[in-house]
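# Notes for the structure review
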Amino acid sequence: MSDASSKIEFLRASLAKAGLETPDKRSRAPLGHMAADRTLKGGLQRGALHEVFAQSSHETSATGFAAALAARVGGDKHILWIRTDFSALEYGEISATGLLDFGLDPSRVLLLRVSDAEDALHAASDALCCPALGTVVIEIPREPGILDLVASRRLTLTCAESGVTALLLRFAAKPEASAAETRWLVRAARSLSPQKDIEEEHWGRPVFVAQLLRNRHGPLGHWVMEWNADDGDFKEFPNTGVGAADSGIVVSASCDRPFAAAVEDAGDTASLRSVA
Amino acid sequence: MVTKNANALRLSAVDRKATSLGLSAGMPLANARAMLPTLKVMTANEPADLKLLERIADWCDRFSPLVALDSPRGLLLDISGAAHLYGGEQAMLDRIRALLLNQGFAVRGAIAGTIVSARALAHYKDGSVVPSGDEASATAPLAIEALNLDPITTHALRRAGLKTIGQVAKRKRNELNARFGAAMVATLDSALGRIETPISPRVPIPDYMAERRFAEPVVTEAIILETLQSLASSLGEILTDRGEGARRLEAAFFRSDGAVSRIAIETGHPTRDAAIIKRLLGEKLDALADPLDPGFGFDLIRLCATRAERAQASAIDFDTRENEKREIAFLIDRLAARFGSHRILSFQANDTHIPEAAALAVPAQYAEFPRISWQATRNGGEAPRRPLRLFERPEPVKVVRVDLPDSPPAQLRSRRVWHETVLAEGPERIAMEWWRHQRAQPTRDYFRVEDEEGRRFWLYREGIEGRETCQESWFMHGAFA
């Protein structure tokens, strides 16, 4: 036995020497929110497909969450944002000044306008082959038939090969079977008044209620996160103030879930206290 | 054939049999009917004729890239430097005539040094090839109608007893000029080969081109793509020699039955890499709404660089930044080839406060180095002041508020849903730029509001109350994350 394993070691070493063994491109991008990072085992997987679903009428919040994830994952690489014409009409066009205020450099963002989901998926699978990109955001509203398990598997494979991360942003859609690494359901929550030293501002940083509905390699979770555009990361939402207390989140009992640990992680937020 | 001309039906074209029976074009239909009661008449369809002529012109592209329409029934080809490919001028003319006859057309053709002389010879001395310099003697015996002058001038010349081009040519220039004008003299000089007017081709002349002919027409896509790549590499060699790269490329596919289809691609940077060009063309072919139909096969495929620019030869460097840039430029080109260059955009800052104009989305292929750098509207530590999603057309909303100046909305109704506002910021007054518009645009007072669920909107009230407007109108311009 030891003979065989030493032989494998030797072969591995020679492969590595010849530069043939590909190093693992799939590192993890920490979000900055500690509980979430712990659940995700260090952060969001790069080179994988992640789905962000918007709760009905919270589409812009989900857009912001996807933009924040893209900023965390991509480093200083380019971001390709693919959106369909319908979604721009219905939910508004992606605004460069808005991205800038959100903490993303607009000169790093490329916007692709496509007419339908089929074009969006085609463009995405093309763009995901380009390792110079950090993230590809694919914004697909409603439930086109073409976006099925096969399509998501194809995206996942392409991502894994090139190391580019795909964020599938879904509006007005019900989650269905897919090959995604993680799946998030996002809605907005009331913001906190900011620190006292900024007098003239009354509303605080954007706050997201992010529910991790699916995690291929770990437990699920449910957190309230605040996005800090200055540092470019998520923060724990402070336990004080009015914001989270009345955000009205209802979580189903965790006993039927494979990973019950999630709620303990999330339990520090006021919103979940009643449930836990 | 018959057309209605000045309220009279006249023959516009007659076939050979009719000619032999004494009919000619221009004759009133009534006269023709009187001569031949059994005459078969059809209405002329000029647009269809023109379309056919253009199709034939497309087909003629294979002989020379310089093809011009000579309405209503003629085509002009500039064959300078092309004749030797077909074994001389006579052989080339015979070949074109034979091929057109095969397709079922009646053809008359001639080769001469100038447009007018070639046209005159084609109509009146079919099949003649006049070497350069002999135009005067060749056209001299032709009737003056061959000059294709307007009917009044022709009539006047006939009345003056000048029946052939040679007779007119013998008159003094200044006499002709005084009587008929400079244009007529220019036409005459052109017929005599004294002045040369260039033809204006239908399609712009490409900067560089490469083509391949096939003895056996090709049908399979693999061979077509292979051909495109080899054409691209020979085009690339020419471009490299000249230190240029292509910004716009056009591939033309000549079908053996005469139809020609063209596809064009654009690139963001001067390109001469055959693999890239092939990939972009493949992408475009793949995305065609109306797929390339090879029919019985293509017998000629041509690749032209219709716009070329100076390109620096760049050594392959190991700087990953540069490589990344190049890869992204290639991705942009690919997406532009498939979806159109107006659909892949990059953002540029614009020096204005008007929210919808503060950022420009420009085609990424044409994005130049930005002149203005981005400036965030928020201060450090603050929440975003500009929305992540902006409506192209601000949507009207209903608002309930305390009746005080500058008071924010307490409730708003957007898309048939009432929202209770919990937090509000504002007003942020943005005046429209008076120097851009003819009429003054109303000032906008922007409010950032958060509703009871944490959704955030960007609203504005149009006009300053009492000064610019007397009624309140509110709009939603965007939404924050």
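Reading the values: rules and limits
Residues numbered from 1 in each chain as written. Chains lettered and ligands numbered in written order. Predicted model: local features only at pLDDT ≥ 70, side-chain atom pairs only at ≥ 80, totals over all residues. Heavy atoms only, no water. Helix = DSSP H or I, 4+ residues; strand = E, 2+ residues; numbered from the N terminus. Buried < 20%, exposed > 50% of the residue type's maximum accessible area, 1.4 Å probe, protein only. Contact = heavy atoms within 4.5 Å. Areas by Shrake-Rupley, 256 points an atom, 1.4 Å probe, with all protein chains shown as cover. Pairing = 2+ DSSP bridges. Axes fitted to C-alpha atoms, helices over the stretch in contact; angles between N-to-C directions. Buried area = accessible area lost by both parts, 1.4 Å probe. Salt bridge = Lys/Arg side-chain N within 4 Å of Asp/Glu carboxyl O. Core = buried A, V, L, I, M, F, W, Y, C linked by side-chain atoms within 4.5 Å. Expected span 1.5 Å × (residues − 1). Phe/Tyr/Trp six-rings, centres within 6.5 Å; stacked < 30°, edge-to-face > 60°. Lys NZ or Arg CZ within 6 Å of the ring centre and 35° of its normal.

A few words now on the overall build of chain B. If you tally the helices and strands in chain B, you get 13 helices and 16 strands. Buried residues in chain B amount to 44% of all 481 residues. Within chain B, residue pairs in contact and separated by at least 24 positions form 52% of the contacts whose partners lie at least 6 positions apart. Of the roughly 26,400 Å² of accessible surface on chain B, a fraction of 52% belongs to carbon and sulfur atoms.

The next point concerns the sheet that holds strand β6 (residues 244–255) of chain B. All names here are of chain B. The four strands are arranged β5-β8-β6-β7 in an open sheet whose pairing can be described as antiparallel. For this open sheet the edge positions go to β5 (208–218) and β7 (260–271), each flanked by a neighbour on one side alone. When the angles between neighbouring strand axes are averaged without regard to direction, this sheet yields 15 degrees. Examined bridge by bridge, β6 and β7 share eight bridges and lie antiparallel to one another. By the bridge assignment for β7, Ala 246 is matched with Thr 271. Packing of helix α11 (residues 221–242) onto the sheet brings it into contact with β5, β6, β7 and β8 (298–310), and relative to β5 it is tilted by some 155 degrees. Against the sheet, helix α12 (residues 274–287) touches β6, β7 and β8, its axis set at about 135 degrees to β7.

On to the interface of chain A and chain B, then. Between chain A and chain B, the residue contacts involve 63 residues of the former and 56 residues of the latter. Of the roughly 5,400 Å² buried between chain A and chain B, counting both surfaces, carbon and sulfur atoms make up 57%. Ranking the residues of chain A by area buried against chain B places A:Asp101, A:Arg190 and A:Trp203 at the top, with a combined share of 16%. Linking chain A with chain B are six salt bridges. The shortest N-O distance in the salt bridge between B:Arg378 and A:Asp230 comes to 3.3 Å.

This brings us to the nonpolar core. All names here are of chain A. In terms of nonpolar packing, the biggest core is built from 48 residues, with Leu 31, Phe 65, Trp 184, Met 225 and Phe 234 touching the most fellow members. The element contributing the most residues to this core is helix α3 (residues 59–74), with eight residues. The contact partners of Leu 31, leaving out residues within four places of it in the chain, are Ala 36, Asp 37, Leu 40, Leu 44, Leu 69, Arg 72, Trp 184, Met 225, Asp 233 and Phe 234. Ranked by size, the runner-up nonpolar core spans 35 residues in total, among them Ile 82, Ala 117, Ala 132 and Leu 168.

All names here are of chain B. End to end, helix α3 (residues 46–60) covers 21 Å across 15 residues, agreeing with the expected 21 Å (1.5 Å per residue, within 8%). Looking only at α3, the buried set comprises Leu 53, Ile 56, Ala 57, Asp 58, Trp 59 and Cys 60. Close packing links the buried residues of α3 with β3 (67–70), β4 (74–77), α4 (89–102), β6 and β7.

With that settled, consider the packing of aromatic side chains. Evaluated as defined, the whole model comprises 16 aromatic pairs over all chains. Relative to A:Phe234, the ring of A:Phe65 has its centre 5.5 Å away and its plane inclined at 45 degrees; by these criteria the two rings are tilted. One end of the pair, A:Phe65, is in helix α3; the other, A:Phe234, is in strand β12 (residues 233–236), with 169 residues separating them in the sequence. Relative to A:Phe234, the ring of A:Phe208 lies with its centre 6.2 Å away and its plane at 75 degrees, an arrangement referred to as edge-to-face. Taken as a pair, A:Phe208 in strand β10 (residues 207–215) and A:Phe234 in strand β12 lie far apart in primary sequence, 26 residues in all. Classification of A:Phe208 by relative accessible area gives buried; the value is 0%. Sitting over the face of the ring of B:Phe330, B:Arg334 holds its NZ or CZ atom 4.8 Å from the ring centroid. The ring of B:Tyr460 has B:Arg444 lying over it, and the distance from NZ or CZ to the ring centre is 4.8 Å.

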